[in-house]
Amino acid sequence: MKRLGSWGRVGDLPATLHLRVQRRDADLPPVSTLPVPLLPYGRGRSYGDVCQVDRGTLLHTAELDRFVDFDPLRGVLQCESGLSLGEILRQSIPRGWTLPVLPGSGEVTVGGAIANDVHGRNHPGAGSFGHHVEALELLRSDGTRLLCSAGSNPDWFAATIGGLGLTGLITWASLRLRPVANAFVHTRSARFRSLDEFWELSAAAQSEWPYARAWVDGLARGRALGRGVLVGARDAPALAELPAPPRFRAWVPPLPWSLLGAASVRAGNAAYWSAAGARQRAGVRLTHYERYFFAADRVVAWNRLYGPAGFHQYQCALPERSMREATQALLGRVARSGQRALFGTLQRLGDHPAPGMLSFARAGATLALDFAHRGEATLRLFTELDAVVRAAGGALYPAKDSRMPPAMFRAGFPRWEAFGRFVDPAFGSAFWRRVSP
Ligand SMILES: Cc1cc2nc3c(=O)[nH]c(=O)nc-3n(C[C@H](O)[C@H](O)[C@H](O)COP(=O)(O)OP(=O)(O)OC[C@H]3O[C@@H](n4cnc5c(N)ncnc54)[C@H](O)[C@@H]3O)c2cc1C
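Residues numbered from 1 in each chain as written. Predicted model: local features only at pLDDT ≥ 70, side-chain atom pairs only at ≥ 80, totals over all residues. Heavy atoms only, no water.

(A) Main features of the overall build of the protein. Looking only at helices and strands, one finds 12 helices and 20 strands in the protein. Against the 2.2 N^0.38 benchmark of 22 Å for 437 residues, the protein shows a C-alpha radius of gyration of 21 Å, consistent with a compact globule. The dimensions of the protein, computed from C-alpha atoms along their principal axes, are 60 × 55 × 45 Å. Burial status across the protein gives 58% buried among its 437 residues. Within the protein, contacts between residues separated by at least 24 positions form 74% of all contacts whose residues are at least 6 apart in sequence. Counting every atom, the protein has about 18,100 Å² of accessible surface; 54% of that belongs to carbon and sulfur. When the 52 basic and 36 acidic side-chain charges of the protein are each reduced to a single mean position, those positions are 7 Å apart. (Helix = DSSP H or I, 4+ residues; strand = E, 2+ residues; numbered from the N terminus. Rg over C-alpha atoms; globule rule 2.2 N^0.38 Å. Buried < 20%, exposed > 50% of the residue type's maximum accessible area, 1.4 Å probe, protein only. Contact = heavy atoms within 4.5 Å. Areas by Shrake-Rupley, 256 points an atom, 1.4 Å probe, with all protein chains shown as cover. Lys, Arg positive; Asp, Glu negative; His and termini not counted. Charge placed at Lys NZ, Arg CZ, Asp CG, Glu CD.)

What follows is the structure, given as structure tokens:
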């Protein structure tokens, strides 16, 4: 049986059965014949155990990948839940439509994007993925099918958006797209030397650059702590001539050890910092959407660079009132810990009513830091970081998590108890077993 793992590869568990769901109208086999719990599985782009079960059944949606219908008057696409966002864009952009919210990988499926209610670089203006879902069908383990939308089973709709695959299998969804002139964005890079500078720059950039995310140098220390590069983007207008799309792709084979030592990452960060200076001087650049939104996908299986021990991404959302102090404190603690954050990103999040009961994105900012898994030492640091996030009134992102304690989850997602009533009795995940009573 092929491994259906998580992106971080720390503590992956063996499912007993991988059931490939082949048609949206096909029923699931009777639950009594399947190892439980059941859990939908998209493409395993979640970093931790929201996409893992211990000896249950993964409902693999790789073959649920059909376009169903498109309404060009309203820009509404109906498709199956295993279709990837990248494949949607390959078909829709030449026809003048794009997805309004894009996470950092085009490999994410529609079902996975809904179940984690993913956010993109334009969260301040556009909200999260769930804000653009018009309707979906939920298949429960007892064979019932629920049509869910704002007007039909709205409580099931809110539980399933950000519902971590626990309310049932999403078979198809209708998504509201938005018009776009071509496959390019205008981008602009701006280096910042401190977090104070980042907050100022990112606030000023918002109206002109609706997409914005910063790279933060996770290895910077002392006076360089908090330095980084903010890259903003907006749709390019219709243009008579367009450059060729990027072709370059690299592939990382399985490696017996990590290639991401401190020296190589420090050299990479220094090179990125200095190249960003040149890009800043160059001003506005025309960039293909894949290169801007899905830069990481250009190195296929880049998660193997961390070697067989895997890695974690520590991602938190911090409310507006405490985001400045908390971000400074988090980076300071990482710097003092001797653990190295190899990659870091920081972006603002907007103030939108959450579409899902367990939606992660909320007004303020989100900081994400990648760490090689070094066992207890890494986990001890995370416990320290948790204390900062909790004191700040923040939350950790389930899509990136494989270790948060139950109290941390419940503090960050106060509607977890109400959500529990919508969990399908035959569904479950390693994450849910860990954080729920
Ligand atoms: C390089 C990279 C960049 C990323 N950038 C971002 C980002 O910018 N913003 C962000 O928010 N996230 C980001 N992520 C995280 C990613 O968007 C989420 O983890 C996403 O949910 C993964 O989708 P998937 O299809 O691989 O689902 P999986 O990881 O396989 O599953 C994720 C969850 O969705 C559930 N699920 C999957 N399909 C269905 C279905 N049909 N019905 C019901 N439930 C289902 C699963 O049970 C599981 O709980 C990034 C991940 C990577 C690897």
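(B) Layout of the side chain of Glu137. Its location among the elements puts Glu137 in strand E7 (residues 133-139). Of note is the side chain of Glu137, whose polar atom sits 2.9 Å from the side chain of Arg145. A distance of 2.5 Å separates a polar atom in the side chain of Glu137 from a polar atom in the side chain of Thr171. Sequence-distant contacts of Glu137, defined by excluding residues within four places in its chain, comprise Arg24, Arg145, Leu146, Leu169, Ile170, Thr171 and Trp172. (Polar contact = N/O pair within 3.5 Å; in protein donor to acceptor, adjacent residues only side chain to side chain.)

(C) Summary view of the environment of Arg23. Within the secondary structure, Arg23 sits in the loop between strand E1 (17-20) and strand E2 (38-41). Sequence separation of Arg23 and Gly307 is 284 residues, and the distance between their C-alpha atoms is 36 Å. If sequence neighbours within four positions are ignored, Arg23 has contacts with Leu64 and Arg66. Here Asp25 takes part through its side chain, which lies 2.9 Å from a polar atom of the side chain of Arg23.

(D) Fine view of the site of the ligand. Around the ligand there are 35 residues in total, and Pro40, Arg45, Ser46, Thr109 and Tyr397 lie nearest to it. Note that an oxygen atom of the ligand is positioned 2.7 Å from one of the side-chain N or O atoms of Ser46. Between Ser81 and the ligand, the recorded distance is 3.1 Å, taken from a side-chain N or O atom to a nitrogen atom. (Near = heavy atom within 4 Å.)

(E) Main features of a nonpolar patch on the surface. On the surface, a nonpolar cluster with roughly 210 Å² of combined accessible area is contributed by Leu239, Leu242 and Leu286. Along the polypeptide, Leu242 turns up in the loop between strand E13 (228-235) and strand E14 (250-251). Under the relative-accessibility criterion, Leu242 is labelled partly exposed at 39%. (Patch = residues over 30% accessible without salt bridge, like charges linked within 9 Å, V, L, I, M, F, W, Y side chains within 5 Å. Salt bridge = Lys/Arg side-chain N within 4 Å of Asp/Glu carboxyl O.)

(F) Layout of the sheet that holds strand E3 (residues 57-60). Taken in spatial order, the three strands line up as E1-E3-E2 in an open sheet, and their pairing is parallel. Edge positions in the sheet fall to E1 and E2, since each has one partner strand and no second. Between one strand axis and the next, the sheet turns by 30° as a mean value, whatever way the strands run. Across four bridges, the pairing between E1 and E3 is parallel. From the neighbouring strand, Leu19 faces E3, where its bridge partner is Leu59. (Pairing = 2+ DSSP bridges. Axes fitted to C-alpha atoms, helices over the stretch in contact; angles between N-to-C directions.)

(G) Representation of the sheet that holds strand E9 (residues 169-176) in the model. If you trace the five strands from one edge of the open sheet to the other, you get E4-E5-E9-E7-E8, paired in antiparallel fashion. Of all the strands in the sheet, just strand E4 (67-71) and strand E8 (145-149) have a single pairing partner and so form its edges. Taking each pair of neighbouring strands and ignoring which way they run, the sheet shows an average axis angle of 15°. Pairing geometry for E7 and E8, over five bridges, is antiparallel. Paired with Leu136 across the two strands is Cys148, which belongs to E8. Each of E4, strand E5 (76-80) and E9 touches helix H1 (residues 85-92); the most contacted strand, E4, lies at about 45° to it.

(H) Examining the pattern of salt bridges more closely. Within the structure shown, the criterion is met by 22 salt bridges. Of the charged contacts, one joins Glu63 and Arg20 as a salt bridge, the two residues approaching to 2.3 Å between their closest N and O atoms. Residue Glu63 is found in the loop between E3 and E4, and its partner Arg20 is found in strand E1; the two are separated by 43 residues along the sequence. Judged by its relative accessible area of 44%, Arg20 falls in the partly exposed class. Residues Glu134 and Arg176 are paired through a salt bridge, measuring 3.4 Å at the closest nitrogen-oxygen approach. Placement of the pair is Glu134 in strand E7 and Arg176 in strand E9, with a sequence separation of 42 residues. Residues joined by salt bridges that share partners form a network here, namely Asp71, Arg74, Glu134 and Arg176.

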